[in-house]
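# Residue-level structure breakdown
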Amino acid sequence: STPGSDVAGETAAALAAASLVYRATDSSYSSTLLEHAQQLFDFSDKYRGIYSVSIPEVATYYNSTGYGDELLWAASWLYHATGDNQYLNYVTVQYGKKFANWGSPTWFSWDDKLPGTQVLLSRVSFFGGNGISNSENSGLQMYRKTAEAIMCGLIPSSPTATSSRTASGLIWVSDWNSLQHPVASAFLAVIYSDYMLSSRTAKIDCSGKSYSASDIRKFATSQADYVLGQNPLRLSYLVGYGDEYPQYVHHRGASIPANAKTSCKDGFKWLESEQPNPNVATGALVGGPFLNETFIDARNNSMQTEPSTYNSALLVGLLSGLVTTSSVVQSFT
């Protein structure tokens, strides 16, 4: 009666992806993860609805704009985890046109999984799969075409390059948590460049101009470098890294002294304190700069100094991908 297909679908995707991680080392746990991923996907698909409509109190903070992207995201991961073509048919033939927004690149974020889905399904187009029908293959080509359009939009010299950047070249989309989009975009760029390298795909075409995997990785590197301190402020936005990083992170654990006796509602005196945080939230990626590349290091400036798991997780993926080029396996199953 109060569905949340977006949350259930996202959780199903996470469980399916995790099942792949544990498959070789703990097959029993992997099977459990996959079983629950399938159950959650079936539930989210059968009882459709937006979680922030069912729970309106959360809409002020994390308002969901839809659930179609999470359903595609979940089905895509389930296809990779199972090799079952019913999931591939779901994302290509049954609901591709309805939910995938083919040909219209968007920004990968906690609320929009379409760019991730497009890149993930591109790997099937790059490496192939078993028993794929012509109609399913047509859908896969649309996902890859859209993923390629995303890459073309990210490369600064591309004829279709996005203008959503700071003067120093950081992808910039939103005042609130501005680093989410450049880090997410760079992460997808690294993944796509690995697909190209492993499949020996030399170039992508961006409105008549060709770019290589190294061009795409160069963009990704530029975003990582900016985050880690190569920016006008010479400030690392990754807490604990470099000589200069935010000292007033909007984070309860970092701002309240370890020996403090406090209850849930007692934190405001530390929120309003003018002293730097007593604890370093090492590895936290803060919100980031404004479009004019200014940054106000203030604890109550949650727009810029609040870290998030979806920022830090993306940065781990991005930096891991940049350590070395990866040889992508053709199939997970």
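What comes next is a walk through the structure. (Residues numbered from 1 in each chain as written. Predicted model: local features only at pLDDT ≥ 70, side-chain atom pairs only at ≥ 80, totals over all residues. Heavy atoms only, no water.)

### Thoughts on the state of the cysteines
For the structure on display, the rule yields one disulfide. Between the sulfur of Cys 152 and that of Cys 206 lies a disulfide, 2.0 Å long from S to S. With the S-S bond torsion at -80°, the cross-link from Cys 152 to Cys 206 turns out left-handed. With Cys 152 in helix 8 (residues 134–154) and Cys 206 in strand 1 (residues 204–206), this pair connects stretches of sequence that are 54 residues apart. In this pair, the class of Cys 152 matches that of Cys 206, namely buried. (Disulfide = S-S within 2.5 Å. Helix = DSSP H or I, 4+ residues; strand = E, 2+ residues; numbered from the N terminus. Buried < 20%, exposed > 50% of the residue type's maximum accessible area, 1.4 Å probe, protein only.)

### Let's talk about helix 2 (residues 27–46)
The end-to-end C-alpha separation of helix 2 is 28 Å, in line with the 28 Å expected for 20 residues at 1.5 Å each. As for helix 2, its buried residues are in contact with helix 1 (5–22), helix 4 (68–82) and helix 5 (85–94). (Expected span 1.5 Å × (residues − 1). Contact = heavy atoms within 4.5 Å.)

### Some remarks on the packing of helix 9 (residues 180–198) against helix 14 (residues 309–323)
At a minimum axis distance of 9 Å, the contact between helix 9 and helix 14 shows a crossing angle of 35°. Between helix 9 and helix 14 lies a crossing whose hand is left-handed. Taking contact as the criterion, the partners of Gln 180, Val 183, Ala 184, Ala 186, Phe 187 and Val 190 in helix 9 are, on helix 14, Tyr 310, Asn 311, Leu 314, Leu 315, Gly 317, Leu 318, Gly 321 and Leu 322. Per-class residue counts for the contact of helix 9 with helix 14 are ten nonpolar, four polar and no charged. (Axes fitted to C-alpha atoms, helices over the stretch in contact; angles between N-to-C directions. Left-handed = near helix turned anticlockwise from the far one by under 90°. Nonpolar A, V, L, I, M, F, W, Y, C, P; charged D, E, K, R; others polar.)

### Considering unusual backbone geometry
Not every positive phi belongs to a glycine, and Ser 207 is a case in point at roughly 50°. Mapped onto the secondary structure, Ser 207 falls in the loop between strand 1 and strand 2 (209–211). Positive phi is not limited to glycine here, since Arg 234 has a value of about 50°. Along the chain, Arg 234 falls in the loop between helix 10 (213–227) and helix 11 (252–255). Judged by relative accessible area, Arg 234 falls into the exposed class, the value being 60%.

### Let's talk about the environment of Trp 77
With respect to the element layout, Trp 77 can be found in helix 4. Overall, Trp 77 belongs to the buried group, its relative accessible area being 17%. Each C-alpha atom, one on Trp 77 and one on Ala 18, is 9.7 Å from the other, the two residues being 59 residues apart in sequence. Ignoring sequence-local partners within four residues, the contact set of Trp 77 consists of Ala 13, Ala 16, Ala 17, Leu 20 and Leu 120.

### Describing a nonpolar patch on the surface
Taken together, the side chains of Val 21, Tyr 22 and Tyr 29 make up a nonpolar region of the molecular surface, amounting to roughly 300 Å² of accessible area. Here Tyr 22 lies in helix 1. On the basis of relative accessible area, Tyr 22 is assigned to the partly exposed category, the value being 36%. (Patch = residues over 30% accessible without salt bridge, like charges linked within 9 Å, V, L, I, M, F, W, Y side chains within 5 Å. Areas by Shrake-Rupley, 256 points an atom, 1.4 Å probe, with all protein chains shown as cover. Salt bridge = Lys/Arg side-chain N within 4 Å of Asp/Glu carboxyl O.)

### Overview of the environment of Lys 269
Inspection of the secondary structure puts Lys 269 in helix 12 (residues 268–271). Each C-alpha atom, one on Lys 269 and one on Ala 74, is 42 Å from the other, the two residues being 195 residues apart in sequence.

### Here's the deal with the packing of helix 9 against helix 10
It is the contact of helix 9 with helix 10, at a shortest axis distance of 8 Å, that shows an interaxial angle of 150°. By the angle between their axes, helix 9 is roughly antiparallel relative to helix 10. Where helix 9 crosses over helix 10, the handedness of that crossing is left-handed. Here helix 9 contributes Pro 182, Val 183, Ser 185, Ala 186, Ala 189, Val 190, Tyr 192, Ser 193, Asp 194, Met 196 and Leu 197 to the contact with helix 10, which in turn contributes Ala 213, Ile 216, Arg 217, Phe 219, Ala 220, Gln 223 and Val 227. Per-class residue counts for the contact of helix 9 with helix 10 are 13 nonpolar, three polar and two charged. (Parallel < 35°, antiparallel > 145°, perpendicular 65-115°, else oblique.)

### A word on the nonpolar core
Counting residues in each nonpolar core, the largest one holds 78 residues, and the members touching the most others are Phe 41, Leu 72, Met 151, Tyr 192, Ile 204 and Tyr 237. Other than its neighbours up to four places away in sequence, Met 151 contacts Val 119, Leu 188, Ala 189, Tyr 192, Ile 204 and Ile 216. (Core = buried A, V, L, I, M, F, W, Y, C linked by side-chain atoms within 4.5 Å.)

### Side note on helix 4
Spanning 15 residues, helix 4 covers 21 Å between terminal C-alpha atoms, matching the ideal 21 Å at 1.5 Å per step. Of all 15 residues that make up helix 4, 14 are buried, and the element is covered over most of its length. Just downstream of helix 4 lies Gly 83, where phi reads positive at about 75°.

### Here's the deal with the pattern of salt bridges
Where side chains of opposite charge bring their charged atoms close, a pairing between them can arise. One pass over the full model with this rule turns up four salt bridges. The closest approach of N and O atoms between Glu 10 and Lys 113, which form a salt bridge, is 3.4 Å. Taken as a pair, Glu 10 in helix 1 and Lys 113 in the loop between helix 6 (96–99) and helix 7 (114–127) lie far apart in primary sequence, 103 residues in all. Put simply, Glu 10, Glu 70 and Lys 113 are held in one network by salt bridges that share partners.

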